[in-house]
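# Summary of the model geometry
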Amino acid sequence: MYDSAKKVYSAYGVDTEKALAALAEIPVSVHCWQGDDVKGFDGDGDLSGGIQTTGNYPGSARNFEELKADLKKAFSLMPGKKRLNVHACYAVLNGEKVDRDAYLPKHFAPWVAFAKEEGLDGIDFNPTMFSHKNMKDGLSLSSPDEKIRNFWIKHCIACLKIAEYFADETGTPCVVNIWIPDGYKDVPADRLTPRLRLKDSLDKILACGYDKKKVIVAVESKVFGIGIESYTVGSNEFYQNYAAKNGICCLLDNGHYHPLEYVSDKIPALLAFYDTVALHVTRGVRWDSDHVVLVEDELKEIAKEIVRNGATQKVKIALDYFDASINRLSALITGQRAMQKALLYALLCNHDELKALQDNADFTALMVKQEEYKMLPFGAVWAEYLSRQGLKEDYLSEVREYERGVLKTRK
């Protein structure tokens, strides 16, 4: 089937061998928090700050060893180059009493050891500014309480130092994504001052003297969240201007905009100005609902914008979703494979030909060609990719076996 597909794609000017080789080198950062419903290890497991998971599927990881085992199994069923994405609340404290503003690299050394064991491409990191007593009145870096604000500034600085440690140990830069759930439920009396406080906090964080060759700092905007429906401090306009002025990175989460805004359109807009764009790939259903990523039109358009613009190394791809209603390993594998499928689909297009049709205003032929690509034997090329990676299309049977032997023993 692959040999036949190879000939079909060749007639369209597409080299499937080059596509397969390119796909194998595009890293996707896989998020650890799907494995335990974003509970982490440093608190009581109660979520706050607009974060919610729904469902009670059995087998959620309860500690580092269980989460590591689950991720190890999931990684074994994922093709391609993989990174690990960790939130700060997953510090392995081993009974030590230390708060988030005082985290050290040693609290994440087990994650480094795991990444090395698995041969991962690197580790990405996120300060955790939710599910904590110092989220006072729903505010962190924008809080009017200087003590609260300074706590979170120290936490972010600690995270930058930990990120340098990750980079030193893995040999690749670490993306540190700053997202805060700050905002107001109802119409605020002052929209500017909280943003000025956030700006000042970010300025202090960036002034800590981190190594920019090792750490890529990103800021992530959001339209609204649960409990902050009327006003979000970290808006898109605020962060894009802040990032441009301060030489850091914008992170685009395709669940964090209005439903008729498309991240696939935002990626090339940012590539016109930024050397690096960070990406959180999720699937919103009606709003930022963090459903498991599937191969849908917007995912394919996101992948096409990354590939056709030669940005497979410029755009830092990470997954971000959490579903507690289904098997969590299957959720991780399904989403990672969906991202890989979308990238392969994009790599199997003759973008030069399509661009030429657009530039020549031959929109009739452009539409026809784009429709033709949808019916080409993509599945045969995907099957060949899996085979070369030592994998099969069926991963559910292995997930079910792991569920019976491991997950169902957790009470």
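Report follows, based on the coordinates. For every chain, the first residue of the written sequence is number 1, and numbering continues from 1 onward in sequence order. Local features are withheld for residues below a pLDDT of 70 in this predicted model, meaning they are given only at 70 or higher, and side-chain atom pairs are given and counted only at 80 or more; totals for whole chains, interfaces and linings count all residues. Values shown for side chains rest on all heavy atoms present in the structure; no hydrogens or waters enter the calculation.

Attention now moves to the overall build of the protein. Looking only at helices and strands, one finds 14 helices and ten strands in the protein. This radius of gyration counts C-alpha atoms alone. The globule rule is 2.2 Å times how many residues there are, raised to the power 0.38. Over its C-alpha atoms the protein spans a radius of gyration of 21 Å, differing by no more than 12% from the 22 Å that the globule rule assigns to 411 residues. Taken along its principal axes, the extent of the C-alpha atoms in the protein is 65 × 55 × 40 Å. Intrachain contacts of the protein at a sequence separation of at least 6 include 80% that bridge at least 24 residues. Total accessible area on the protein stands at roughly 18000 Å², and carbon and sulfur atoms take up 51% of it. Taken as two groups, the 53 positive and 59 negative side-chain charges of the protein have centres that lie 2 Å from each other. Numbering of helices and strands starts at the N terminus; helices are DSSP runs of H or I of at least 4 residues and strands are runs of E of at least 2. In what follows, a contact means two residues having at least one pair of non-hydrogen atoms within 4.5 Å. Values of accessible area rely on a 1.4 Å probe in the Shrake-Rupley scheme; residue burial ignores everything except the protein chains shown. Positive residues here are Lys and Arg, negative ones are Asp and Glu, while His and the chain termini are left out of the count. Throughout, a charge is located at the NZ atom of Lys, the CZ atom of Arg, the CG atom of Asp or the CD atom of Glu.

Attention shifts here to the side chain of Asp124. Relative to the helices and strands, Asp124 is located in strand β3 (residues 123-126). Buried, partly exposed and exposed residues are distinguished by accessible area as a fraction of the type maximum, computed with a 1.4 Å probe on protein chains only: under 20%, between the cut-offs, and over 50%, respectively. You can call Asp124 buried: its relative accessible area is 6%. When sequence neighbours within four positions are dropped, the list of residues in contact with Asp124 reads Ser29, Arg83, Leu84, Asn85, Val86, Pro173, Cys174 and Val175.

All right, on to unusual backbone geometry then. If you check the backbone angles, Asp37 has positive phi at about 65 degrees while not being a glycine. A positive phi angle, near 55 degrees, is found at Asp290, a position not held by glycine. As for its position among the elements, Asp290 is in the loop between β9 (277-281) and α9 (297-308). On the accessibility criterion, Asp290 (8% relative accessible area) is buried.

Looking now at a nonpolar patch on the surface. A cluster of nonpolar side chains, Phe224, Ile226 and Trp287, forms an exposed patch at the surface whose accessible area comes to about 240 Å². For Trp287, the location among the structural elements is in the loop between β9 and α9. The exposure class of Trp287 is partly exposed, given its relative accessible area of 33%. Patch definition: residues above 30% relative accessible area lacking any salt bridge, with like charges linked at up to 9 Å and the nonpolar side chains Val, Leu, Ile, Met, Phe, Trp and Tyr linked at up to 5 Å. Between Lys or Arg on one side and Asp or Glu on the other, a salt bridge is scored when a side-chain nitrogen of the former is within 4 Å of a carboxyl oxygen of the latter.

Along any regular strand, the residues point their side chains to alternate faces of the sheet. Side chains Ile123 and Phe125 project from β3 onto one buried face, and the interleaved Asp124 and Asn126 project onto a second face that is buried too. Two strands are counted as paired when DSSP detects at least two bridges linking them. Here strand β2 (residues 82-87) runs beside β3; their pairing, made up of four bridges, is parallel. Paired with Val86 across the bridge in β3 is Phe125. Tracing the backbone out of β2, into helix α4 (residues 109-118) and back to the parallel element β3 gives a crossover that is right-handed. Handedness of a crossover is defined as follows: orient the strands so they point away from the viewer, and if the path from the first strand over the helix to the second runs clockwise, the crossover is right-handed.

What follows is about empty space enclosed by the protein. Using protein atoms alone on a 1 Å grid, points that fit a 1.4 Å probe yet trap it form a cavity, whereas open point sets bounded by protein on both sides within 12 Å along at least five of seven lines form a pocket; residues with an atom within 4 Å of a point count as lining. Grid points are joined across faces, edges and corners, and a volume is the space filled by probe spheres set on the points. Inspection of the entire model under this criterion finds three cavities of 30 Å³ or more. Considering only enclosed or pocket space, the second largest cavity measures out at about 40 Å³ in volume. Forming the walls of the second largest cavity are Val219, Ser221, Asn236, Tyr239, Gln240, Cys250, Leu251, Leu252 and Tyr257. Elements represented by at least two residues in the lining of the second largest cavity include exactly α7 (236-246) and β8 (249-253). Three classes are used, and their members are as follows: Ala, Val, Leu, Ile, Met, Phe, Trp, Tyr, Cys and Pro are nonpolar, Asp, Glu, Lys and Arg are charged, and the others, Gly among them, are polar. Grouping the amino acids of the lining of the second largest cavity by side-chain chemistry returns six nonpolar, three polar and no charged.

Turning next to the packing of helix α3 (residues 64-76) against α4. Axis angles are defined between N-to-C directions and span 0 to 180 degrees, where every axis is a line fitted to C-alpha atoms and, for a helix, only to the segment in contact. Two numbers describe how α3 lies on α4: the axes approach to 11 Å, and their chain directions differ by 20 degrees. Judged by the angle between their axes, α3 and α4 are roughly parallel. For the crossing formed where α3 meets α4, the hand is right-handed. For the pair α3 and α4, contact is made by Phe64, Leu67, Lys68, Leu71, Lys72 and Phe75 and by Pro110, Trp111, Phe114 and Glu118, respectively. Each residue belonging to the contact of α3 with α4 can be placed in one class, and the counts come to seven nonpolar, no polar and three charged. Orientation categories follow fixed angle ranges, with anything under 35 degrees roughly parallel, anything over 145 roughly antiparallel, 65 to 115 roughly perpendicular, and all other angles oblique. Note on convention: the crossing is left-handed when the near helix lies turned anticlockwise from the far helix by less than a right angle, right-handed when the turn is clockwise.

Further remarks concern helix α10 (residues 328-347). Taking 1.5 Å of rise per residue, 20 residues should cover 28 Å, and α10 covers 29 Å from first to last C-alpha, within 8% of that figure. Taking burial as the measure, the 20 residues of α10 include 18 buried ones, the bulk of the element. Pairs of N or O atoms within 3.5 Å make up the polar contacts considered here, provided that, within protein, one atom can donate a hydrogen while the other can accept it, and that residues adjacent in sequence are counted only when both atoms are side-chain atoms. One side-chain oxygen at the N-terminal end of α10 lies 2.9 Å from the backbone nitrogen of Leu329; it belongs to Asn327. Helix span, as expected, comes to 1.5 Å for every residue beyond the first.

So, about the nonpolar core. Only buried residues count toward a nonpolar core, which is a set of Ala, Val, Leu, Ile, Met, Phe, Trp, Tyr and Cys residues joined through side-chain atoms within 4.5 Å. Among the nonpolar cores identified, the biggest contains 130 residues, and Trp111, Phe125, Leu141, Leu279 and Ile317 are the most heavily contacted of them. When near neighbours in sequence (up to four residues on either side) are disregarded, Leu279 contacts Leu251, Leu252, Val263, Ile267, Ile302, Ile306, Val315, Lys316, Ile317 and Ala318. Core analysis: the second largest hydrophobic core is formed by six residues, Val175, Ile216, Cys249 and Ala278 among them.

Right, let's get into the side chain of Arg100. The topology assignment puts Arg100 in the loop between β2 and α4. Take Arg100: its relative accessible area is 2%, and that puts it in the buried class. A distance of 3.3 Å separates a polar atom in the side chain of Arg100 from the backbone oxygen of Ser131. What Arg100 contacts, discounting residues up to four positions off in sequence, is Asp42, Cys89, Thr128, Met129, Phe130, Ser131, His132, Phe151, Trp152, His155 and Ala158.

Mapped onto the elements of the fold, Met339 is located in helix α10. A sequence separation of 57 residues divides Met339 from Thr282, and the C-alpha atoms of the two residues are 10.0 Å apart. Filtering out sequence-adjacent residues up to four positions away, Met339 remains in contact with Val28, Val281, Leu299, Ala303, Ile317 and Leu319.

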